[in-house]
Amino acid sequence: MCGIVGYIGKETNPQIGLEALKRLEYRGYDSAGMAVFNFEKKQIYCLKCVGRISNLEDKLSNSAIFGTPFIMHTRWATTGRVNEVNAHPHSDCKGNIWVVHNGIIENYQELKEELIKEGHRFVSETDTEVLSHLIEKYFKGNLEEAVRKALKEVKGTYALVIISREDPYKIVAASLSSPLLIGINGKEYLIASDPAAIVSYTKKIINLEDNEIATITPEKFFIFKEKVPQEIELEVEDIQKEGYSHFMLKEIMEQPRSLKHSQQGRILLEEGLAKLGGLEDVKDKLKEIKRLIIVACGTAYHAGLVGEYMLEEYAGIPVEVDFGSEFRYRKPILDENTALLAISQSGETADTIAALREAKRKGILTLGIVNVVGSTVSRETDAGVYNHAGPEIGVASTKAFTSQLEVLALLTLFLGRQREMSLVMGQRIAKEILKIPELVEKVLQTRSEVKKIAEKYKDAKNFLFIGRKYNYPIALEGALKLKEISYIHAEGYGAGEMKHGPLALIDKNFPTIAILTSDSVYKKTLSNAEEIKTREGPIIAIATEGNDEIKNITEDVIYIPKTLEMLTPILSVIPLQLFSYYMGVLKGYDVDKPRNLAKSVTVE
Ligand code: G6P
């Protein structure tokens, strides 16, 4: 949610910062802004715009603003409407101190009232503006000193980058539960909230940890603790579109590769085992686990629901799946034989983190399935598995989802083999997981057929998605994707629940996408589809290759190859991802940055 960039060094054209900021636009794109210190005029100049970063770029090219340091921000509005005044950076009363901020200041109302009483004048509706005034209150010539004092009064989360006209040749950066890193390139420093902004500039980074405040000058930087730079595992190509018109399409099409990476080196075929290095330290504890609670949000939650079916059927472990936003307010009954598994692409989703912290407070074992290396969830869990799916830029999750499903299958193998699962069954699952990237490649060949189906249904106002067992969560995910990307009302349902309500909606203008793969619940799902057909509802089926009878009751069919039932969701979700993508494109929407949404939701 929101993106931050700061720069200090010999470069005086803020355009280089804008290039970095554009890489963060997927995290928020309601409005943007920058503040630049001009050493000749000894002034800080601010530019802001509503909408995309390109608008800010236009403003910059029409102005003669240059200088260093500079700070920038792209916003996803939380506190305060979308307008220029609320866009970051925010300043103090005199325009001396400028702040960009990710996160949320929970006690901003109290602080604001107090500061107003003391004579400070506020212009925006944001929580962030209290920070600039609070720093102003404590400023006596040294910026980091003032920041340190101000942050003592603040409750909430933040990644902050600050400059001051009266202590000018430095940037002060601070972080608490919101990522911030410093990229180092000789005597130049690029500060950002996400490695994607920095990777084309340098690979040498320092992550700011909670409660750390860094002072960065062209000569040196200073943090409370001395830290060794790490190398980031990111290549520039990972964050480019590679010829695709959108990141979403690129990420859908690269799933054979991302799924290969997720399973690489993790399958021991002969022994029918999964080798998960991140779980080694806790493997004895995992043997004792009698119950698993999965917490996640959005698409990752749907992965958790598929995991529930896998782990119960093959590992024999009772599983409960909850939204991070619900778990954190429940009074869960936990004992020493319960473990919590947080699933998160970004590892920064506020509700998932809050649920994880609640479980830690209760003292139970915590695990993670996370894509972003070094993210909060990965740091705060006792053990876990990285997805290694590569950076996901499209706001709607696609390749991270299939990777989460694959890692859950590996986890099922790992935990199953610690328990009752036989060698033969272990080998069978391992063999099928190995085939997945190739099968996904095959499903992707249905791309043009899916596009034609999208063209046929582009004017439909509603959609229903149905599935059972492993494909029930896929029905939920298909509906979520369509809502996110094409703004069409869609509902996902367990096929068996149709007759308990949703069937009333069905008529010839209400299409249903039915996942009708040849598995243990095929016949049951088929009769649910027939009930829809009887009421003249058009049906688009996702079916297994070789099933010709399905054509008798459906308008359109997309075929996917046969695999083990528990792995079917990895294949069946792909046509649904493509369908929502094409629907969004046909409607002319920005599928990589759907309205009102953000990639990583770091507020409650
Ligand atoms: C946002 C994104 C979704 C994602 C969800 C959970 O809503 O738009 O695509 O599924 O957050 O994110 P996480 O990073 O925790 O998987």
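Novice: An account of the site of the ligand is needed here, citing residue identities and associated values.
Specialist: Close contacts around the ligand come from 14 residues, with T299, S344, Q345, S346 and T349 the closest. The backbone of T299 places a nitrogen or oxygen atom 3.0 Å from an oxygen atom of the ligand. Between Q345 and the ligand, the recorded distance is 2.7 Å, taken from a backbone N or O atom to an oxygen atom. No other element matches the three residues that helix 9 (residues 298–315) contributes to the shell around the ligand. Classifying every residue of the shell around the ligand gives five nonpolar, seven polar and two charged.

Novice: Lay out helix 17 (residues 522–534) in plain terms, naming residues and giving numbers.
Specialist: Over its 13 residues, helix 17 runs 18 Å from end to end, which matches the ideal 18 Å to within 8%, given 1.5 Å per residue. The complete set of buried residues in helix 17 reads Y522, T525, L526, N528, A529 and I532. Looking down the long axis of helix 17, one finds its buried residues gathered within 160° of arc, a one-sided arrangement. Across helix 17 from its buried face, at more than 90 degrees, point the exposed residues K523, K524 and T534. Taken together, the buried residues of helix 17 touch strand 22 (462–467), strand 24 (512–516) and strand 25 (539–544). E536 sits one or two residues past helix 17 and shows a positive phi near 65°.

Novice: Help me get a handle on the packing of aromatic side chains, residues and values and all.
Specialist: Using the criterion set out here, one finds nine aromatic pairs in the structure. For the ring pair Y309 and Y470, a centre distance of 5.7 Å and an interplane angle of 50° mean the geometry is tilted. On the criterion of sequence distance, the pair formed by Y309 in helix 9 and Y470 in the loop between strand 22 and helix 16 (472–486) is long-range, its members being 161 residues apart. With relative accessibility at 29%, the residue Y309 sits in the partly exposed group. A centroid spacing of 5.1 Å and a plane angle of 70° characterise the contact between Y581 and Y582, whose relative ring orientation is edge-to-face. A residue is classified by how much of its surface remains accessible, and Y581, at 2% relative accessible area, is buried. Following the ring pairs from residue to residue traces out a cluster consisting of Y457, F463, F465 and F579. Positioned above the aromatic ring of Y487 is the side chain of R595, whose terminal nitrogen or guanidinium carbon lies 3.9 Å from the ring centre.

Novice: Explain the domain arrangement of the protein residue by residue, including any values.
Specialist: Partitioning the protein into structural domains gives domain 1 (3–238), domain 2 (241–443) and domain 3 (445–590). The interface of domain 2 with domain 3 comprises 37 residues on the first partner and 34 residues on the second. In this assembly, domain 2 packs against domain 3 so that about 3200 Å² is buried in total across both faces, 73% of it on carbon and sulfur atoms. At the boundary of domain 2 and domain 3, one finds two salt bridges. Measuring nitrogen to oxygen at the nearest pair gives 3.5 Å for the salt bridge that ties E313 to K469. Across the domain 2-domain 3 interface, the total number found is 16 residue pairs in polar contact (both at pLDDT 80 or more). The set of elements that each furnish at least two residues to the side of domain 2 that touches domain 3 consists of helix 6 (247–253), helix 7 (255–263), helix 9, helix 13 (399–418) and helix 14 (423–444). No other element matches helix 14, which puts ten residues into the side of domain 2 that touches domain 3. Each residue belonging to the side of domain 2 that touches domain 3 can be placed in one class, and the counts come to 21 nonpolar, ten polar and six charged.

Novice: Can you break down the pairing of strand 25 residue by residue, with the values?
Specialist: In terms of burial, strand 25 is largely enclosed, as six of its six residues are buried. Every second residue of strand 25 is oriented toward a common face, with I539, A541 and A543 on one face and I540, I542 and T544 on the other, all of them buried. Regarding the hand of the β-α-β motif, the stretch spanning strand 24, helix 17 and strand 25 is right-handed. As defined by bridge partners, strand 25 adjoins strand 26 (residues 556–560) across five bridges and the pair is classed as parallel. Considered in strand 26, the bridge of I542 is made with I558.

Definitions and limits used
- Residues numbered from 1 in each chain as written.
- Predicted model: local features only at pLDDT ≥ 70, side-chain atom pairs only at ≥ 80, totals over all residues.
- Heavy atoms only, no water.
- Near = heavy atom within 4 Å.
- Polar contact = N/O pair within 3.5 Å; in protein donor to acceptor, adjacent residues only side chain to side chain.
- Helix = DSSP H or I, 4+ residues; strand = E, 2+ residues; numbered from the N terminus.
- Nonpolar A, V, L, I, M, F, W, Y, C, P; charged D, E, K, R; others polar.
- Expected span 1.5 Å × (residues − 1).
- Buried < 20%, exposed > 50% of the residue type's maximum accessible area, 1.4 Å probe, protein only.
- Arc of directions from axis to C-beta.
- Contact = heavy atoms within 4.5 Å.
- Phe/Tyr/Trp six-rings, centres within 6.5 Å; stacked < 30°, edge-to-face > 60°.
- Lys NZ or Arg CZ within 6 Å of the ring centre and 35° of its normal.
- Domains from an automatic or database assignment.
- Buried area = accessible area lost by both parts, 1.4 Å probe.
- Salt bridge = Lys/Arg side-chain N within 4 Å of Asp/Glu carboxyl O.
- Right-handed = clockwise from strand over helix to strand, strands pointing away.
- Pairing = 2+ DSSP bridges.

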